[in-house]
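One letter stands for each residue in the lines below.
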Amino acid sequence: MDHKLLENAPLFKDVAPEEIDAMLQCLGTEEKEYEKGEIIFHAGDVIHSIGLVLTGRVQIENDDLWGNKSVLESVGPGFAFAESYACLPGEPLMVSAIAAEPSRILFLDTGRVLTAYPSACSHHSRIIRNLLGELADKNLMLSEKVSHMGQRT
């Protein structure tokens, strides 16, 4: 695992390099590889994990009723995707996540991340704080995009 990448990833902000291995083990992570064009998450899936791109690139795509495909976001190394859906139990994806090139993805189980238990390590509060920051940033960017697109001409 490329610890340098994780040290610079927004989700792992303020995590000491020597804590990363313990944190990954505690948080229930899984790493998978995908070929270009392979679907990571399908629209309609209910997911329980946040994806973090380790290598490659992931496109977040939307297919409309007429079969038109729109790329909503392209996520590279160090950045997370599907956080909102992973944090909403039972909410089906409205988009798909597809490997735009050969990619390695780290999945973080949101049940393990968000569940507070008596012996919770300090990693939990740090990653929850970082996750909330990521969600807030994406929410603001979306609000700005909607504001710009919705302006009258």
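Remember, it's a predicted structure, so these values are computed and weren't measured experimentally.

**Q** Looking at this structure, how should I read the sheet that holds strand E5 (residues 69–75)?
**A** Sheet strands pair via backbone hydrogen bonds, and the direction of the pair is either parallel or antiparallel. A sheet is described by the order of its strands in space; here 4 strands give the open sequence E2-E7-E4-E5, paired in antiparallel fashion. With one partner strand each, in any of the chains shown, strand E2 (39–41) and E5 form the two edges of the open sheet. Strand-to-strand twist of the sheet, defined as the mean angle between neighbouring strand axes without regard to direction, takes the value 35 degrees. Pairing geometry for E2 and strand E7 (residues 96–99), over 2 bridges, is antiparallel. Paired with Phe41 across the bridge in E7 is Ala97.

**Q** Could you clarify how one ought to interpret the pattern of salt bridges in this entry?
**A** It is possible for side chains bearing opposite charge to pair when their charged atoms get close. Summed over all chains, the structure comprises 4 salt bridges. Across the pair Glu31 and Arg104 runs a salt bridge whose closest N-O atoms are separated by 2.5 Å. Of this pair, Glu31 sits in strand E1 (residues 29–34) while Arg104 sits in strand E8 (residues 103–109); the two residues are 73 residues apart in sequence, bridging distant segments of the chain. Measuring nitrogen to oxygen at the nearest pair gives 3.5 Å for the salt bridge that ties Glu61 to Lys69. Via salt bridges that share partners, Glu61, Asp63 and Lys69 belong to a single interconnected network.

**Q** Before we go on, may I ask you to explain the packing of aromatic side chains in this structure?
**A** Within a pair of aromatic rings, the relevant descriptors are the distance that separates the centres and the angle that separates the planes. Counted under the stated rule, the structure contains 3 aromatic pairs. Relative to Phe107, the ring of Tyr34 lies with its centre 6.4 Å away and its plane at 75 degrees, an arrangement referred to as edge-to-face. In this pair, Tyr34 sits in strand E1 while Phe107 sits in strand E8, placing the two residues 73 residues apart along the sequence. Side by side, Tyr34 and Phe107 carry an identical accessibility label, which is buried. What links up through ring pairs into an aromatic cluster is the set Tyr34, Phe41, Phe81 and Phe107. It is Lys32 that lies over the ring of Phe107; its NZ or CZ is 5.9 Å from the centre.

Rules and cut-offs
Residues numbered from 1 in each chain as written. Predicted model: local features only at pLDDT ≥ 70, side-chain atom pairs only at ≥ 80, totals over all residues. Heavy atoms only, no water. Pairing = 2+ DSSP bridges. Helix = DSSP H or I, 4+ residues; strand = E, 2+ residues; numbered from the N terminus. Axes fitted to C-alpha atoms, helices over the stretch in contact; angles between N-to-C directions. Salt bridge = Lys/Arg side-chain N within 4 Å of Asp/Glu carboxyl O. Phe/Tyr/Trp six-rings, centres within 6.5 Å; stacked < 30°, edge-to-face > 60°. Buried < 20%, exposed > 50% of the residue type's maximum accessible area, 1.4 Å probe, protein only. Lys NZ or Arg CZ within 6 Å of the ring centre and 35° of its normal.

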